Amino acid sequence: MKQIYYGWWLVIGLAITETVSYGVLFYSTTVFITPMMAELGWTRAELTGAVSLSLVVAALVGGLTGRWLDQHGPRGLMTVGSLLTVGLVLAWSQVQDVRAYYVIWFGIGFAKAMVLYDPAFWTVANWFIRYRRRALTLLTFIAGFSFLIFAPLANALIAAQGWRPALVTLAILLAVITVPIHVLMLRRRPSDVGLSPDGEVNPVYPSGSSPSQGLIFKEAIRRPAFWWLTAAFALNGSAISVVVLYLVAYLRETGYDPAFAAWAAGLIGLASLPGRLIFTPAGARWSPGGIAALIFASQAIGLILLIYAGSEAGVLLFVVVFSLGYGALTPARAALVAEYFGHRAYGAINGLMALVVTLFGALALVLAGAGYDAVGSFIPVLWALVVMTALAVVAMM
């Protein structure tokens, strides 16, 4: 019986840790906004401003973590990041002062750079070449359940325990699941354990795709393709971040039941799963860039549906249209970076792209929160997001 290539076990392990890490640090955050506003008396802009700060910090640190990955691999980085995350979520559960809240989220920014998708994608890019798209699809497909699991889970925990004990429970989940996997499973490259990428013996690589090939960092950032790709993902990623963070609050304030609002947000993750599955077969016929442009266009349509949704059925239609191809975007971006620029400086190149994308996302969250508070309506914000996704289509094409 042929032994399963260790790279696939790494993909499964990382998929589990990404599910939990994204669930706690990103997708559950939207559910905590309303109860924290009620108890602490802080504004929505104050609460989401800290989240935006964490994105900026993660982006700035991402360049350093990318270079660290190129030199040392993911094991130590992701293990320390997981431990840091546990401590910071526990600190969040005890927060009383807005300044302390911002300090905590400043630290969470470091943790995000160390444990979220970018180091996971670095690992996949180094363990797979021929089957890279399959590996990315599997990783993001499993992690796609994160929103579906953690938005409703956080809502249920808050209802049963209160928001502070709920955060303690989530911190325990992080400690029990992510730390052991990162410290015990992660390895830098297949050669470290006597293997070749994809598990093949004497592999023959497609032209320009061997592990030793690719552009150096300075060459990559001189290419127009790098900046067009970065602009496209920055515009679209900003729109997605705003929707994910504000959807539950918007639906609740529009008159929908809190449980329905949480489930509708969670269903974005479920509805994105088909998109993750079509990425591998579609990528064999069309470029990942073309797939991404089509997805951006469908998300603009989905946002318009949300603007005019007048019932739960209308909200669910938005979820389906907005999320249909959403799941394919994450593996598409990872594949595009590797396929355009190679492996040699993957961490540094991807780190710079992530920096720009995240800075745009952080700015969008601040502006959306301030606009929401100033106007008292989320509708103008949604129209701005429609324009941004349309511009993302142009940049990608």
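Residues numbered from 1 in each chain as written. Predicted model: local features only at pLDDT ≥ 70, side-chain atom pairs only at ≥ 80, totals over all residues. Heavy atoms only, no water.

## Things to note about the nonpolar core
Soluble globular proteins tend to bury their nonpolar side chains together.
1) Next: Phe-32, Met-36, Trp-92, Tyr-101, Trp-163, Val-242 and Leu-385 are the most contacted members of the largest nonpolar core, which has 132 residues in total.
2) Next: Looking at this core element by element, the count peaks at 17 residues for helix α11 (residues 224–253).
3) Next: The residues contacting Val-242, other than those within four sequence positions of it, are Leu-247, Ala-364, Leu-365, Ala-368, Phe-378, Val-381 and Leu-385. (Core = buried A, V, L, I, M, F, W, Y, C linked by side-chain atoms within 4.5 Å. Buried < 20%, exposed > 50% of the residue type's maximum accessible area, 1.4 Å probe, protein only. Helix = DSSP H or I, 4+ residues; strand = E, 2+ residues; numbered from the N terminus. Contact = heavy atoms within 4.5 Å.)

## Some points on the packing of helix α8 (residues 145–161) against helix α9 (residues 163–185)
1) Next: Running from N to C, α8 and α9 cross one another at 130°; their axes reach a closest spacing of 7 Å. Relative to α9, α8 is oriented oblique. Our pair here, α8 against α9, has a crossing hand that is right-handed. Contact residues: α8 offers Phe-150, Leu-153, Leu-157, Ile-158 and Gln-161, while α9 offers Trp-163, Pro-165, Ala-166, Thr-169, Leu-170 and Leu-173.
2) Next: The residue makeup of the contact of α8 with α9, split by class, is nine nonpolar, two polar and no charged. (Axes fitted to C-alpha atoms, helices over the stretch in contact; angles between N-to-C directions. Parallel < 35°, antiparallel > 145°, perpendicular 65-115°, else oblique. Left-handed = near helix turned anticlockwise from the far one by under 90°. Nonpolar A, V, L, I, M, F, W, Y, C, P; charged D, E, K, R; others polar.)

## Thoughts on the side chain of Thr-17
1) Next: When you line up the elements, Thr-17 lands in helix α1 (residues 6–27).
2) Next: You can call Thr-17 buried: its relative accessible area is 0%.
3) Next: Engagement of the side chain of Thr-17 in a polar contact is seen with the backbone oxygen of Leu-14, the distance being 3.1 Å.
4) Next: Engagement of the side chain of Thr-17 in a polar contact is seen with the side chain of His-182, the distance being 3.1 Å.
5) Next: Filtering out sequence-adjacent residues up to four positions away, Thr-17 remains in contact with Ile-177, Thr-178, Ile-181 and His-182. (Polar contact = N/O pair within 3.5 Å; in protein donor to acceptor, adjacent residues only side chain to side chain.)

## Quick word on the packing of aromatic side chains
1) Next: In this structure the tally under the stated criterion is 24 aromatic pairs.
2) Next: An angle of 85° between the planes, with centres 5.5 Å apart, marks the rings of Tyr-5 and Phe-128 as edge-to-face. In this pair, Tyr-5 is assigned in the segment before α1 and Phe-128 in the loop between α6 (117–127) and α7 (132–143), connecting sequence segments 123 residues apart.
3) Next: What makes Tyr-5 buried here is its relative accessible area of 9%.
4) Next: Taken together, a centroid distance of 5.7 Å and an interplanar angle of 45° make the contact between Tyr-246 and Phe-378 tilted. In this pair, Tyr-246 sits in helix α11 while Phe-378 sits in the loop between α17 (346–375) and α18 (379–396), placing the two residues 132 residues apart along the sequence. There is no split in this pair, since Tyr-246 and Phe-378 are both buried.
5) Next: Joined through ring pairs, the aromatic side chains of Phe-32, Trp-42, Trp-92, Tyr-101, Tyr-102 and Trp-105 make up one cluster. (Phe/Tyr/Trp six-rings, centres within 6.5 Å; stacked < 30°, edge-to-face > 60°.)

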